[in-house]
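Remarks on the overall topology
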Amino acid sequence: MDWRASSDAPGEGGPAGTRGEAAGRAGSAPGLYVPSTVTGAAKILVVGPLGVGKTTLISTVSEIRPLLTEAMMTRAGARVDTAVRPSKATTTVSLDFGRLTLGGDLVLYLFGAPGQRRFLPVWRELARGALGALALVDTRHLEASFDALGYLEDLDMPFSVAVNAFPDSVRHREEDLRAALDLLPDTPLGVCDARDRPSSLRALAVLVRHLLSLARETR
Ligand SMILES: Nc1nc2c(ncn2[C@@H]2O[C@H](COP(=O)(O)OP(=O)(O)O)[C@@H](O)[C@H]2O)c(=O)[nH]1
Ligand SMILES: [Mg+2]
């Protein structure tokens, strides 16, 4: 078949773009498209109580514009949720989503789970297919993290813990923190600043290394 015979002017009436052009666009817009070097993908949860920095961390690291579902806190929600965070005016109403390529070959799809206990059913759905979780902890309100860590254990989901450091955060010795959070000896524990990209990337890299070493053990 002579394709050109169907149109008087070459190119007129044809498709808007070719695969070659799309590939070119992918090359010229780093960040928007998944890099062609990527060979694996992993769904990762970012969990923790309200105000611990989940939305901040996902926004900090995501190479696409993150999907955020921040909404003004309702009066009913504020009464329940801001006992710990009186200054928090907005809250995540369903989930946050971001994407990050690590080491050029692994793409992480990051899902931030709402921290409030009443969202546990949402959590269970969100956890399907996730390889692991980064649990954020605020040492000013350690007990607020217990629920999230407990859910992860119930779901048998491997995780690492990152203390998101705030200016007035209490500094604990690692063994005290491990004991207070009841962590297994091989669960990674570190400190990050969710507003700082290199610091947040390191926290996610630690989690990925942990997941890889667990995968090697079970092989
Ligand atoms: N000082 C400081 N503030 C932070 C940090 N991470 C988050 N915040 C602030 O804490 C508030 C709550 O963070 P957010 O990401 O919304 O918490 P989420 O409820 O876990 O999603 C926001 O106003 C952030 O700007 C941090 O590492 N240091
Ligand atoms: Mg949030």
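What counts, and where the lines are drawn
- Residues numbered from 1 in each chain as written.
- Chains lettered and ligands numbered in written order.
- Predicted model: local features only at pLDDT ≥ 70, side-chain atom pairs only at ≥ 80, totals over all residues.
- Heavy atoms only, no water.
- Helix = DSSP H or I, 4+ residues; strand = E, 2+ residues; numbered from the N terminus.
- Buried < 20%, exposed > 50% of the residue type's maximum accessible area, 1.4 Å probe, protein only.
- Contact = heavy atoms within 4.5 Å.
- Salt bridge = Lys/Arg side-chain N within 4 Å of Asp/Glu carboxyl O.
- Near = heavy atom within 4 Å.
- Polar contact = N/O pair within 3.5 Å; in protein donor to acceptor, adjacent residues only side chain to side chain.
- Areas by Shrake-Rupley, 256 points an atom, 1.4 Å probe, with all protein chains shown as cover.
- Nonpolar A, V, L, I, M, F, W, Y, C, P; charged D, E, K, R; others polar.
- Core = buried A, V, L, I, M, F, W, Y, C linked by side-chain atoms within 4.5 Å.
- Arc of directions from axis to C-beta.
- Pairing = 2+ DSSP bridges.
- Phe/Tyr/Trp six-rings, centres within 6.5 Å; stacked < 30°, edge-to-face > 60°.
- Lys NZ or Arg CZ within 6 Å of the ring centre and 35° of its normal.

1. So, the overall build of the chain
Within the chain, the regular secondary structure consists of seven helices and eight strands. Here the chain holds 219 residues, and the buried ones make up 42% of them. Pairs at least 24 residues apart make up 73% of the contacts formed inside the chain by residues separated by at least 6 positions.

2. Thoughts on the pattern of salt bridges
Counted according to the given criterion, the structure contains eight salt bridges. Among the ionic pairs, Arg99 bridges to Glu63, the shortest N-O distance being 3.1 Å. Taken together, the residues Arg99 in strand β4 (residues 96–102) and Glu63 in the loop between α2 (54–61) and β2 (70–72) connect sequence positions 36 residues apart. With relative accessibility at 5%, the residue Arg99 sits in the buried group. A salt bridge links Asp138 to Arg140; the nearest nitrogen and oxygen atoms lie 2.9 Å apart. A residue is classified by how much of its surface remains accessible, and Asp138, at 1% relative accessible area, is buried. Via salt bridges that share partners, Asp138, Arg140 and Asp168 belong to a single interconnected network.

3. Concerning the site of ligand 1
Around ligand 1, a shell composed of 16 residues is seen, among which Gly51, Lys54, Thr55, Thr56 and Asn164 lie nearest. Within the contact set of ligand 1, an oxygen atom lies 2.8 Å away from a side-chain nitrogen or oxygen of Thr55. A distance of 3.4 Å separates an oxygen atom of ligand 1 from a polar atom in the backbone of Ala194. Considered on its own, ligand 1 offers 580 Å² of accessible surface; in the complex 77% of this is hidden by protein. For the shell around ligand 1, the leading source of residues is α2, giving three residues. For the shell around ligand 1, the residue count by class is seven nonpolar, five polar and four charged.

4. Section: the nonpolar core
Formed by 26 residues in total, the largest nonpolar core has its most connected members in Leu45, Val47, Trp123, Leu152, Phe159, Val161 and Leu181. Looking at this core, the elements that each hand over two or more residues are β1 (40–47), α4 (120–127), β6 (130–137), α5 (146–154), β7 (159–164) and α6 (174–181). Judged by nonpolar contacts, the second largest core, of 21 residues, contains Val52, Leu102, Leu136 and Leu211.

5. What about the environment of Ala130?
Topologically, Ala130 is positioned in strand β6. For Ala130, a relative accessible area of 14% gives the class buried. Ignoring anything within four residues of it in the chain, the contact list for Ala130 reads Lys43, Leu45 and Met157.

6. Concerning α6
Of all the positions in α6, only Leu177, Arg178 and Leu181 are classed as buried. One side of α6 carries all its buried residues, which in axial view fall inside an arc of 100°. On the buried face of α6, the contacting elements are β6, α5, β7 and β8 (189–192). Taken from the residues just after α6, Asp182 is the one with a positive phi, measuring 55°.

7. A look at the pairing of β1
Along β1, six of the eight residues are buried, which leaves the element largely enclosed by surrounding structure. Note: β1 against strand β5 (residues 106–112), seven bridges, orientation parallel. If you follow Ala42 over to β5, its bridge partner there is Leu108. Of the strand pairs in this sheet, β1 and β6 are connected by five bridges, and their pairing is parallel. Residue pairing across strands places Leu45 opposite Ala133, the latter belonging to β6.

8. Brief notes about the packing of aromatic side chains
In total, this model carries three aromatic pairs according to the counting rule given. Taken together, a centroid distance of 5.2 Å and an interplanar angle of 75° make the contact between Trp123 and Tyr151 edge-to-face. Placement of Trp123 in helix α4 and of Tyr151 in helix α5 is noted, with a sequence separation of 28 residues between them. With a relative accessible area of 3%, Trp123 lands in the buried category. Among the aromatic side chains, those forming a connected cluster through ring pairs are Phe97, Tyr109 and Phe111. Between the NZ or CZ atom of Arg140 and the centre of the ring of Phe166, over which it lies, the distance is 4.1 Å.

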